[in-house]
Amino acid sequence: RTHMLLRVEVPEGAFLADVGFGGDGPVLPLPFAEGTETWLGRTGHRLRREGDAWALQGNTAGDWADLYAFTLEPHYAVDFEMANHFTSTWPRSPFVLNLTAQRSWPEKRAILRNRDLVVREGGASTATAIRDPEHLLEVLDGVFGLAFPPGTRFRQPEL
């Protein structure tokens, strides 16, 4: 249990809301119905049932792939606390070993992994290498809206 999502009930029905997954996760609520495909630009999502579990699937390259699985049993904040602590502090966790930022718009995604910035829009991707610590601060501010004081340095990436 390292990730939270919401099942939201509205007059139109139930929806899955999950804007915090990152990767190729959804940026808009999805109908909570098995097999119903929701597309935004070239990115699709759907839910698939596996017994008592559900899988969120994504499609960006013409094939459906599982992004994560979940159940409908109640979960509480305490259920996530230890897993969150572990992924945030374990020395070999990818969240500790990598500088990561992501921002999604309805038809655009910007993904920063260490020194590599990839912006996907309209079926095309552009890649930019982070040149130095000052360039990293410019990218974090200009692309992701994350402003840091001049001279800020991060452990990752090693520049």
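Anything mentioned here points back to the structure above.
Residues numbered from 1 in each chain as written. Predicted model: local features only at pLDDT ≥ 70, side-chain atom pairs only at ≥ 80, totals over all residues. Heavy atoms only, no water.

**Student:** I'm lost on the overall build of the chain in this one. Help?
**Tutor:** The number of helices and strands found in the chain is three helices and 11 strands. From first element to last, N terminus to C terminus, the chain shows the α and β order β-β-β-β-β-β-β-α-α-β-β-β-β-α. In the chain, which comprises 159 residues, the share counted as buried stands at 28%. Across the chain, the fraction of contacts at a sequence separation of at least 24, relative to all contacts at a separation of at least 6, is 30%. (Helix = DSSP H or I, 4+ residues; strand = E, 2+ residues; numbered from the N terminus. Buried < 20%, exposed > 50% of the residue type's maximum accessible area, 1.4 Å probe, protein only. Contact = heavy atoms within 4.5 Å.)

**Student:** Would you mind going over the sheet that holds strand E8 (residues 100-105) with me for this structure?
**Tutor:** Note: strands within a sheet are paired through backbone hydrogen bonds, in either parallel or antiparallel orientation. Strand order in this open sheet of four strands is E8-E9-E10-E11, and the pairing throughout is antiparallel. For this open sheet the edge positions go to E8 and strand E11 (124-129), each flanked by a neighbour on one side alone. Averaged over all pairs of adjacent strands, the angle between strand axes in this sheet comes to 10 degrees, irrespective of strand direction. Pairing of E8 with strand E9 (residues 108-113) involves six bridges; the strand directions are antiparallel. Residue pairing across strands places Gln102 opposite Ile111, the latter belonging to E9. (Pairing = 2+ DSSP bridges. Axes fitted to C-alpha atoms, helices over the stretch in contact; angles between N-to-C directions.)

**Student:** Quick question: what am I supposed to make of the sheet that holds strand E1 (residues 6-10) here?
**Tutor:** Strand order in the open sheet formed by three strands is E1-E2-E3, and the pairing between neighbours is antiparallel. The sheet is open, and its two edges are formed by E1 and strand E3 (30-31), each paired on a single side. In terms of strand pairing, E1 meets strand E2 (residues 13-17) through five bridges, oriented antiparallel. Across the sheet, the residue bridging to Arg7 is Leu16, located in E2.

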